[in-house]
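# Descriptive analysis of the structure
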There are 2 protein chains.
Amino acid sequence: MARRTTIYDIAKELDITAASVSRALNNNPKISESTRKLVIETAAKMNYKQNKLALALRSGKSFNVGVIVPRIDSNFFASVIRGIEEELYGHKYNVIICQTHEDEKREFENINTLLNAQVDGILMSVSSISSQDFSVEIDRIIKRVVEKNVPLIFFDRKKSIEGVSSVTINDFEVSYLATKHLIEQGCTRIAHFKGNQFLEIFKNRFDGYRQALIDSGIEFDENYVIETRSTIVEGANAVKTLMKLKSPPDAIFSSGDFAALGAIQQLKSDGIRIPEDFCVVGFGNEPFTDFMELPMSTVNQVPLEMGKMAAKVFLERINKTGNLKASNQVVLTSELKIRESSLRAEVYK
Amino acid sequence: MARRTTIYDIAKELDITAASVSRALNNNPKISESTRKLVIETAAKMNYKQNKLALALRSGKSFNVGVIVPRIDSNFFASVIRGIEEELYGHKYNVIICQTHEDEKREFENINTLLNAQVDGILMSVSSISSQDFSVEIDRIIKRVVEKNVPLIFFDRKKSIEGVSSVTINDFEVSYLATKHLIEQGCTRIAHFKGNQFLEIFKNRFDGYRQALIDSGIEFDENYVIETRSTIVEGANAVKTLMKLKSPPDAIFSSGDFAALGAIQQLKSDGIRIPEDFCVVGFGNEPFTDFMELPMSTVNQVPLEMGKMAAKVFLERINKTGNLKASNQVVLTSELKIRESSLRAEVYK
DNA sequence: TAAGTTTGCGTAATCGATTGCATTTTTAAT
DNA sequence: ATTAAAAATGCAATCGATTACGCAAACTTA
């Protein structure tokens, strides 16, 4: 391996010291113009490239940020990461990706790995939490991150922890709107696929749904609420359960697109007409929702904006060394996309 | 910022030297059991975490690999990255993500950034190339990477460069199969949406398509081949052009799913029946292809396997220090997924 | 020309960990 | 008890860059 040129190599070449080379390359005023020119030329000639590792060790800044997501191959997370990368690119930061696969253990490991790698910040979306015990443990390690003063920014799946910034969408409001929309379409028995209630976003979606019912004078019925992960299979199973009720629902507001898709597939194979007999609204605006046989109503979580905003919050935090405890809770406005799966012709209402 | 504990802190605490602490923590045999125990306990108590930056500087191994993709928010690339991350996770490597947005300039920049960050390897899918000049320039910088002996592995969008490993799919063969399939369905005037011909994968897809025609005794007609990027708009426009021909085609084999989708949408709005009047096969197996009104035939590029394989090739390369020049060209078998957009009932053939 | 000021550059410490070599301590053998 | 061998530990260099400090040369100014 041809060893890479260092400032010492340049120094030797010019018979000066590495210190001068460093100064020449860093716009340090304590160097003569002539030497600077010489160094810069020689550096170019020798194809010198600064070793960021050495710089990072010395300066304490690695110019890497860690991003922790449950998985990367979902449109939402991939888009958020795209946003983060784009925003940070101009600021010379690199993005290190970690996946948890919704596994809390992996979450600890990832946080530790990133801290050991001396990242300058961590942007994360927390994993589904399987138990209160884990929740407590995660809180503990997160507090360690905060104590170390490593900027931590949650996006989407946040936890409310003092001193930690977050970027989320208006889950409650948009869920409220979605449910209201179903009511306006004439639906009266609206079911909900709720997500893991340890996660605030899913709690908020559930709350928004319930509040909309209450405000519309519709009785809230627990039997219409099923906890599902957002997969086609679980959505199909959930809707099967629902349709066995004495008084089955006539609409679903799902907290995830895939569960909604599973429900639609199941309903169709049962001969139920959508949207005439049954309306469905999903959540996430996965690309497929727009290309389906029946385009699905859903919520656009503005992932690109979310990623960019999370990156911006990180950059702000980095740039004000004082005022360390200030945390920043950004709430973006999401977009209810009404499509055919929940849009009834007037005659059906 | 509470400074992180270092081995020197532990050394001071126990009144020994950092060297001994290091040995104790690294299973070095030149240390007594008693000291080792003491050090390990104290390290735990003081919440010591190894600084990977210092280790990387000293050892020359950063345990980071760079991944360069045109964009991360496509199902294909996101899945490949997932595969890479999963495979490398167990080997303690981290993944740094870079996007080029199909911009050659960004591609240079990203390669340089990664080299400066001292990554232990680069896995990349090259960007669309806008001109021969750029192609030459990219070749030059890639050769620099090879000279520096930094492992470089192409996946999917490879370039043929000596000493560089690659993981691809059998683009020619599967395109041949897809075209043959269309012929078997009774299609006789098969068009092709080809991609950027500077990229081998698109060239291979085109060649596979053409060879299948020739081998089936169908005349190859240049007018049936249109270069498009894989977007809905370009696909729709391309099919408009095709349908204006004196003898319009009765099938399309598209080198991308989105262009195929655009074509289908356009054909439908023109009242053309699919698959009865017109068959379409895409490429990429984007999730939406399975959830469309008419599920689309396409090619599953096995991105997860591709990512894992690329990571494996990297690991192999790392682990054999000798035999440096050996490169590894892995070709995975992709899967033609025949769905309704190209599957005619017997009566129509 | 003497004194003070500025400029340019070298010396050496630092970031945190590892490791070859030297030295000390312990153990074993006679 | 003596000595050799073995084990444990310390010393100091190293990875590559930055920077406070100090010294010497050059430049001002009177």
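Predicted model only: the values in this text are computed from it and were never measured.

What follows covers the interface of chain A and chain B. If you look at the interface, chain A gives 53 residues, while chain B gives 53 residues. Ranking the residues of chain A by area buried against chain B places Leu53(A), Tyr89(A) and Phe291(A) at the top, with a combined share of 15%. Viewed at the interface, chain B and chain A are joined by two salt bridges. Ionic pairing is found between Asp73(B) and Arg82(A), a salt bridge with its closest N-O pair at 3.0 Å. Of all the secondary-structure elements, those providing two or more residues to the side of chain A that touches chain B are helix H4 (52–59), helix H5 (75–89), strand S2 (94–99), helix H6 (104–116), helix H7 (132–147), helix H11 (257–269) and helix H12 (288–291) of chain A.

It is worth spelling out the relation of the copies chain A and chain B at this point. Structural alignment of chain A on chain B gives an RMSD of 0.1 Å, achieved by rotating through 180° and translating 0.1 Å along the axis. On the angle and the small slide along the axis, the relation comes out as a two-fold axis. By C-alpha distance to the rotation axis, the residue of chain A lying nearest is Glu293(A), at 1.7 Å. When the interface residues of chain A are mapped onto chain B, 100% of them are again interface residues, pointing to one common binding face.

With 134 residues, the main nonpolar core has Val67(A), Leu88(A), Phe155(A), Val67(B), Leu88(B) and Phe155(B) as its most contacted residues. Aside from chain neighbours lying at most four places away, what touches Phe155(A) is Val67(A), Ile68(A), Val69(A), Phe77(A), Val80(A), Ile84(A), Leu123(A), Met124(A), Ser125(A), Val167(A), Met306(A) and Ala310(A).

Turning our attention to the sheet that holds strand S7 (residues 225–227) of chain A. Residue and element names in this part refer to chain A. With respect to topology, four strands assemble into an open sheet ordered S7-S6-S8-S9, the strand pairing being parallel. Edge positions in the open sheet fall to S7 and strand S9 (279–281), since each of these has one partner strand only. Sheet twist, expressed as the average angle between the axes of neighbouring strands with direction ignored, equals 15°. Bridging between strand S6 (residues 190–194) and S7 involves three bridges; their strand directions are parallel. Counted as the bridge partner of His192 is Val225 from S7. Against the sheet, helix H8 (residues 171–184) touches S6, strand S8 (251–254) and S9, its axis set at about 170° to S8. Across the face of the sheet, helix H9 (residues 200–215) comes into contact with S6, S7 and S8 while running at roughly 165° to S6.

With respect to spatial proximity, 28 residues lie near DNA strand D, and among them Ile7(A), Ser22(A), Arg58(A), Lys30(B) and Thr35(B) are the closest. Counting only atoms of DNA strand D within 4 Å of the protein, the sugar-phosphate share comes to 58%. Separating a phosphate oxygen of DNA strand D from a backbone N or O atom of Asn51(A) is a distance of 3.2 Å. At 3.1 Å from a phosphate oxygen of DNA strand D is found a main-chain nitrogen or oxygen belonging to Ser32(B). Going through the elements one at a time, helix H1 (7–14), helix H2 (18–25) and H4 of chain A together with helix H2 (18–25) and helix H4 (52–59) of chain B are the ones with two or more residues in the surface near DNA strand D. Its residues placed into classes, the surface near DNA strand D shows eleven nonpolar, nine polar and eight charged.

A full pass over the atoms with the stated rule returns 20 aromatic pairs over all chains. Relative to Tyr176(A), the ring of Phe172(A) lies with its centre 6.3 Å away and its plane at 25°, an arrangement referred to as stacked. Of this pair, Phe172(A) and Tyr176(A) both sit in helix H8, separated by four residues, roughly a single helical turn. In this structure Tyr176(A) comes out as buried when scored by relative accessible area, which is 19%. With 4.9 Å between their ring centres and 50° between their planes, Phe258(A) and Phe288(A) make a pair best called tilted. In this pair, Phe258(A) is assigned in helix H11 and Phe288(A) in helix H12, connecting sequence segments 30 residues apart. Using a relative accessible area of 2% as the deciding quantity, one classes Phe288(A) as buried. In textbook terms, an aromatic cluster arises when at least three aromatic residues are bridged by ring pairs, as seen for Phe63(A), Tyr93(A) and Phe314(A). Against the face of Phe220(A) rests Arg210(A), its NZ or CZ located 5.3 Å from the ring centre. For the cation-ring pair, Arg205(B) lies above Phe283(B), with the distance from its terminal atom to the ring centre recorded as 3.6 Å.

This paragraph deals with the UniProt feature "domain: HTH lacI-type" (unreviewed entry) in chain A. Mapped onto this structure's residue numbering, the UniProt feature "domain: HTH lacI-type" (unreviewed entry) falls at residues 5–59 of chain A. Counted over residues 5–59 of chain A, helix gives 67% and strand 0%. Its end C-alpha atoms are 21 Å apart.

Time to look at helix H13 (residues 303–319) of chain A. Between its first and last C-alpha atoms H13(A) spans 24 Å; for 17 residues at 1.5 Å apiece the expected length is 24 Å, and the two agree. Looking only at H13(A), the buried set comprises Pro303(A), Met306(A), Gly307(A), Ala310(A), Ala311(A), Val313(A), Phe314(A), Leu315(A) and Arg317(A).

Now for the sheet that holds strand S8 (residues 251–254) of chain B. Residues and elements named next belong to chain B. Reading across from one edge, S7-S6-S8-S9 is the order of the four strands in this open sheet, with parallel pairing throughout. Each end of this open sheet is capped by a strand with a single partner; those strands are strand S7 (225–227) and strand S9 (279–281). Along the sheet, successive strands turn relative to each other by an average axial angle of 15°, direction set aside. Here S8 runs beside S9; their pairing, made up of three bridges, is parallel. Among the inter-strand pairings, Ala251 is bridged to a residue of S9, identified as Cys279.

This part takes up the environment of Glu222(A). On the secondary structure map, Glu222(A) appears in the loop between H9 and S7. Separated by 41 residues in the primary sequence, Glu222(A) and Ala263(A) have C-alpha atoms spaced 19 Å apart.

This part is about helix H6 (residues 104–116) of chain B. Residue and element names in this part refer to chain B. An ideal rise of 1.5 Å per residue puts 18 Å on 13 residues; H6 measures up with 18 Å between its terminal C-alpha atoms. Burial in H6 covers these residues: Glu104, Arg106, Glu107, Phe108, Asn110, Ile111, Leu114, Leu115 and Asn116. Capping the start of H6 is the job of one residue whose side-chain oxygen sits 2.9 Å from the backbone nitrogen of Lys105: Asp103. Immediately downstream of H6, the backbone of Gln118 shows phi near 65°, a positive value.

We now examine the packing of helix H1 (residues 7–14) of chain B against H2(B). Residue and element names in this part refer to chain B. Contact geometry for H1 and H2: axes closest at 8 Å, N-to-C directions at 110°. By the angle between their axes, H1 is roughly perpendicular relative to H2. From H1, Ile7, Tyr8, Ile10 and Ala11 reach across to H2, where they touch Ala18, Val21, Ser22 and Leu25. When its residues are assigned to classes, the contact of H1 with H2 shows seven nonpolar, one polar and no charged.

Quick notes on the rules
- Residues numbered from 1 in each chain as written.
- Chains lettered and ligands numbered in written order.
- Predicted model: local features only at pLDDT ≥ 70, side-chain atom pairs only at ≥ 80, totals over all residues.
- Heavy atoms only, no water.
- Contact = heavy atoms within 4.5 Å.
- Buried area = accessible area lost by both parts, 1.4 Å probe.
- Salt bridge = Lys/Arg side-chain N within 4 Å of Asp/Glu carboxyl O.
- Helix = DSSP H or I, 4+ residues; strand = E, 2+ residues; numbered from the N terminus.
- Least-squares fit on C-alpha atoms with pLDDT ≥ 70 in both.
- Core = buried A, V, L, I, M, F, W, Y, C linked by side-chain atoms within 4.5 Å.
- Buried < 20%, exposed > 50% of the residue type's maximum accessible area, 1.4 Å probe, protein only.
- Pairing = 2+ DSSP bridges.
- Axes fitted to C-alpha atoms, helices over the stretch in contact; angles between N-to-C directions.
- Near = heavy atom within 4 Å.
- Polar contact = N/O pair within 3.5 Å; in protein donor to acceptor, adjacent residues only side chain to side chain.
- Nonpolar A, V, L, I, M, F, W, Y, C, P; charged D, E, K, R; others polar.
- Phe/Tyr/Trp six-rings, centres within 6.5 Å; stacked < 30°, edge-to-face > 60°.
- Lys NZ or Arg CZ within 6 Å of the ring centre and 35° of its normal.
- UniProt positions renumbered as here; feature names shortened; annotations may be inferred.
- Expected span 1.5 Å × (residues − 1).
- Parallel < 35°, antiparallel > 145°, perpendicular 65-115°, else oblique.

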